[in-house]
Amino acid sequence: MSGAARPGTVYLVGAGPGDPGLVTRRALELVRSADVLLIDRLVPVGLADEAPAAAERIDVGKVAGNHAMAQDDINARLVAEAQAGRRVVRLKGGDPYLFGRGGEEALACREAGVPFEVVPAVTSAFSACADAGIPVTHRDIARHVTVVTASAGRDGQGDPDYGWLAQSDGTVVLLMGLRRVAHVAAALIAGGAPPDRPAAVVARGTTAAQRTVVATLATLAEAVGQAALPSPAIIVVGDVVALRDGLDWFEQRPLFGTRVAVTRARAQASSLVARLADLGAEVVEAPAIRIEPLPVGEVDAAVDSLDDAHVLAFTSANGVERFFERLAARGRDARALSGLRVAVVGTASADACRRHGVEPDVIPPVGARTGAGLVDSLTTQGVEHGTLVVVVRAEAGDEALVDGLRAHGAHVHVARAYRTVVEPPSADLVAQLRDCDLVTFTSASTVHHLVEAAAAHGIAVGDLPPAISIGPTTTAAAEAAGLHVRAQAAEPSVASLVEALVADRAR
Ligand code: SAH
């Protein structure tokens, strides 16, 4: 199946266990073309944000014991929305047909004559085990796996048959059992299972917040209680649990268990966020600043002066992007740069130039990638009296570059391309920030904006997490603001920032 959602149809879509990477392509395609979404509590963060802005989002999430919307009402709503001709996406945690009441919803559609489709998905029952390092089957250890609900069910249906499960020589995975761990373990032992049978609880499986407790049936309840594991969680019982020792790849990643705040503007944050998440970190995105283009005048003047200029200098990737946008708008392309030298302050602006087909001529050596460093590089490479340097940069840029060049007799035209504006984080976000282990800063302005925002919500600088900084200018700004800087990138790039962070955690 593929294609956008069709009007008048209900899609019962599994959203996977929590990791946004485990959402199927079909699920994403349908979310992106939905008119209305009925969303469960346990769906990956950010998935519903993929829906069109105009789509209606209905939160039918059930908090244990507190049904936000009764199942009958959900069924009725699904049918009514489809009959009104809308594209209806019902987003459900894990697989829609495994303890997800997807069957009931499909039957309701069927009964009303409403067309429906089911999108199967990765279930928590198996994926939480996999990410905890527990293969649910193994040829020599467990030749079958049973998935049951530990919930007592409605209408006094009662417990699963623990006597039968206790006799299993395979793996048993129990869902909806976190609050009944003691009961589950006791019932299995009472049914004849050996008290030393390996057992584990995996909470928030497949997410950066995953936590695993390994014990035996006899000790599980106490171990889980001590660890105060959060929901949702699965219980897994069987000898395969012992394999975790060697197979625990997920929780062994270098940044697993580390909460990192990322403060760069959202447009630029994605590569840093992706790298950190890949290494296992839980990332809190705090876009303290937003990039806002300035009126075109100064950049257009810079474009028009290219024929007289000797050097074109960029201090950021944002400046590069804005410049090339205006270059094109004025009917020119990279050939307009052929007669001059292109200078950049660091790898981000160098990469941005390359994306536009221009290889920078001048980049300061590692360790000197600042405005002052660029002055040194340029002056040792022939910038002198009368040289015309066009500098494209932010409104509040590093004055060391302009002052330094002028001190060497250069004519400097500054083109202010954009400014960074504060995007105040919510009180909730600032509170989350305080719980982070580290905060990354990629510019001095993000330092200032974050500290301001924290103060606005009554949080002292001393309560903010220690910082990892992208370079000397940022470090100086952070220290001046009263932050504790734990590490600094060897060179101002995202890769190097991540390296510094990993090294710091390893210590
Ligand atoms: N259809 C879902 C299950 C819904 S029942 C699926 O296929 O995964 C809800 C139960 O699923 C929770 O009580 C918990 O036992 C389990 N669960 C869901 N997400 C989980 C996760 N990320 N980690 C551990 N258990 C999870």
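Undergrad: Sorry, what's going on with the overall build of the protein here?
TA: Per the secondary structure count, the protein includes 18 helices and 22 strands. Considering only C-alpha atoms, the protein reaches an extent of 90 × 55 × 45 Å along its principal axes. Going through the 507 residues of the protein one by one, you find that 50% of them count as buried. Residue pairs at least 24 apart in sequence account for 67% of intrachain contacts in the protein once pairs closer than 6 positions are excluded. Of the roughly 22,600 Å² of accessible surface on the protein, 51% is carried by carbon and sulfur atoms.

Undergrad: Looking at this model, I keep getting lost on the side chain of D131. Mind explaining?
TA: Its location among the elements puts D131 in helix 4 (residues 124–131). Residues contacting D131, with those up to four places away along its chain left out, are T206, Q210, W249, F250 and E251.

Undergrad: Help me understand the sheet that holds strand 10 (residues 198–203) in this model?
TA: Strand-to-strand pairing in sheets goes through backbone hydrogen bonds, with the strands running parallel or antiparallel. Taken in spatial order, the five strands of this open sheet run 8-9-12-10-11, and their pairing is mixed. Two strands bound the open sheet, and with one partner strand each, they are strand 8 (145–149) and strand 11 (211–216). For this sheet, the mean inter-axis angle between neighbouring strands, taken without regard to orientation, is 20°. Note that strand 9 (residues 171–175) and strand 12 (residues 233–237) share three bridges and pair antiparallel. Along strand 12, the bridge assignment pairs L174 with I235. Against the sheet, helix 4 makes contact with strand 8, strand 9, strand 10 and strand 12, and its axis sits at roughly 75° relative to strand 12, the strand it touches most.

Undergrad: Got a minute to help me understand the pattern of salt bridges in this structure?
TA: Close approach of charged atoms lets side chains of opposite charge pair. In the structure shown here, the tally under the stated rule is 32 salt bridges. Its salt-bridge partner being D40, residue R90 comes within 3.1 Å of it at the nearest N-O pair. With a gap of 50 residues between them, R90 in strand 6 (residues 88–92) and D40 in the loop between strand 2 (36–39) and strand 3 (56–59) connect regions that are remote in the sequence. Among the residues examined, D40 registers a relative accessible area of 16% and is labelled buried. In this structure, D307 engages R332 in a salt bridge whose closest nitrogen and oxygen atoms are separated by 3.1 Å. Linking D307 in the loop between helix 10 (297–304) and strand 16 (311–314) with R332 in the loop between helix 11 (317–329) and strand 17 (341–344), this pair joins segments that are 25 residues apart in sequence. Classification of D307 by relative accessible area gives exposed; the value is 58%. Connected through salt bridges with shared partners, the residues R6, R26, E29 and E117 form a single ionic network.

Undergrad: What should I look at first to understand the site of the ligand in this one?
TA: Neighbouring residues of the ligand: 17 residues in total, closest L98, T123, S124, G205 and A233. Backbone polar atom of M176 to an oxygen atom of the ligand: 2.8 Å apart, as the coordinates give it. About the coverage of the ligand: the protein hides 90% of its 550 Å² of free accessible area. Per-class residue counts for the shell around the ligand are 10 nonpolar, five polar and two charged.

Undergrad: How should the domain arrangement of the protein be read in this particular structure?
TA: For an interface, size is often stated in terms of accessible area lost upon the parts coming together. Entries for the protein in the domain assignment read domain 1 (9–122), domain 2 (125–251), domain 3 (259–288 + 423–506) and domain 4 (292–420). Here domain 1 and domain 4 have C-alpha centroids that lie 50 Å from each other.

Undergrad: Explain a nonpolar patch on the surface here, please?
TA: Together, Y97, F116 and V118 make up an exposed nonpolar region whose accessible area comes to about 250 Å². In this structure, V118 sits in strand 7 (residues 116–119).

Undergrad: It is not clear to me how the packing of aromatic side chains should be interpreted in this structure. Could you clarify?
TA: Think of a pair of aromatic rings as described by two things: how far the centres are apart, and how the planes are tilted against each other in angle. This model, assessed by the stated rule, comprises four aromatic pairs. Between F250 and F256 the ring centres are 5.7 Å apart and the planes differ by 65°, which places this aromatic pair in the edge-to-face class. No difference in accessibility class separates F250 from F256, as the two residues are buried. Measuring from ring centre to ring centre gives 5.3 Å for F323 and F324, while their planes differ by 90°; the resulting arrangement is edge-to-face. With respect to burial, F323 and F324 carry one shared label: buried.

Undergrad: Before we go on, may I ask you to explain helix 10 in this structure?
TA: Since the α-helix turns once every 3.6 residues, residues separated by three or four places project in the same direction. Every buried residue of helix 10 is accounted for by V299, D300, A302 and V303. All buried residues of helix 10 fall inside an arc of 155° around its axis, so they share one side. If you follow the buried residues of helix 10, they end up packed against helix 11, strand 18 (388–394) and strand 19 (411–422).

Undergrad: Please explain the sheet that holds strand 6 as it appears in this structure.
TA: Spatially, five strands are ordered 3-2-6-1-7 in an open sheet, and the strand pairing comes out parallel. The sheet terminates laterally at strand 3 and strand 7, the two strands that pair on one side only. Pairwise comparison of adjacent strand axes, ignoring direction, gives a mean angle of 15° for this sheet. Direction of pairing for strand 1 (residues 10–14) relative to strand 6: parallel, over a ladder of five bridges. Bridging across to strand 6, V10 finds its partner in V88. Contacts between helix 1 (residues 25–32) and the sheet are confined to strand 1, strand 2, strand 6 and strand 7, with strand 1 contributing the most and set at about 135° to the helix.

Undergrad: Even after reading the chapter, I still don't get the pairing of strand 1, so can you show me in this structure?
TA: For a regular strand, side-chain orientation follows a simple rule: the groups alternate between the two sheet faces. The element strand 1 is largely enclosed, with a buried count of five among its five residues. By the alternation rule, side chains of strand 1 split into V10, L12 and G14 and Y11 and V13, which are all buried. With four bridges connecting them, strand 1 and strand 7 associate as parallel partners. Note that in strand 7 the partner of Y11 across the bridge is E117.

Undergrad: Just checking my understanding: could you explain unusual backbone geometry for this structure?
TA: A negative phi angle characterises most non-glycine residues, just as the trans form characterises most peptide bonds. Geometrically, the link from S231 to P232 is a cis peptide bond, its omega value of 0° lying close to zero. The residue R101 is not glycine, and still its phi comes out positive at about 60°. On the secondary structure map, R101 appears in the loop between strand 6 and helix 3 (102–112). Judged by relative accessible area, which is 34%, R101 ranks as partly exposed.

Scoring rules and cut-offs
- Residues numbered from 1 in each chain as written.
- Predicted model: local features only at pLDDT ≥ 70, side-chain atom pairs only at ≥ 80, totals over all residues.
- Heavy atoms only, no water.
- Helix = DSSP H or I, 4+ residues; strand = E, 2+ residues; numbered from the N terminus.
- Buried < 20%, exposed > 50% of the residue type's maximum accessible area, 1.4 Å probe, protein only.
- Contact = heavy atoms within 4.5 Å.
- Areas by Shrake-Rupley, 256 points an atom, 1.4 Å probe, with all protein chains shown as cover.
- Pairing = 2+ DSSP bridges.
- Axes fitted to C-alpha atoms, helices over the stretch in contact; angles between N-to-C directions.
- Salt bridge = Lys/Arg side-chain N within 4 Å of Asp/Glu carboxyl O.
- Near = heavy atom within 4 Å.
- Polar contact = N/O pair within 3.5 Å; in protein donor to acceptor, adjacent residues only side chain to side chain.
- Nonpolar A, V, L, I, M, F, W, Y, C, P; charged D, E, K, R; others polar.
- Domains from an automatic or database assignment.
- Patch = residues over 30% accessible without salt bridge, like charges linked within 9 Å, V, L, I, M, F, W, Y side chains within 5 Å.
- Phe/Tyr/Trp six-rings, centres within 6.5 Å; stacked < 30°, edge-to-face > 60°.
- Arc of directions from axis to C-beta.

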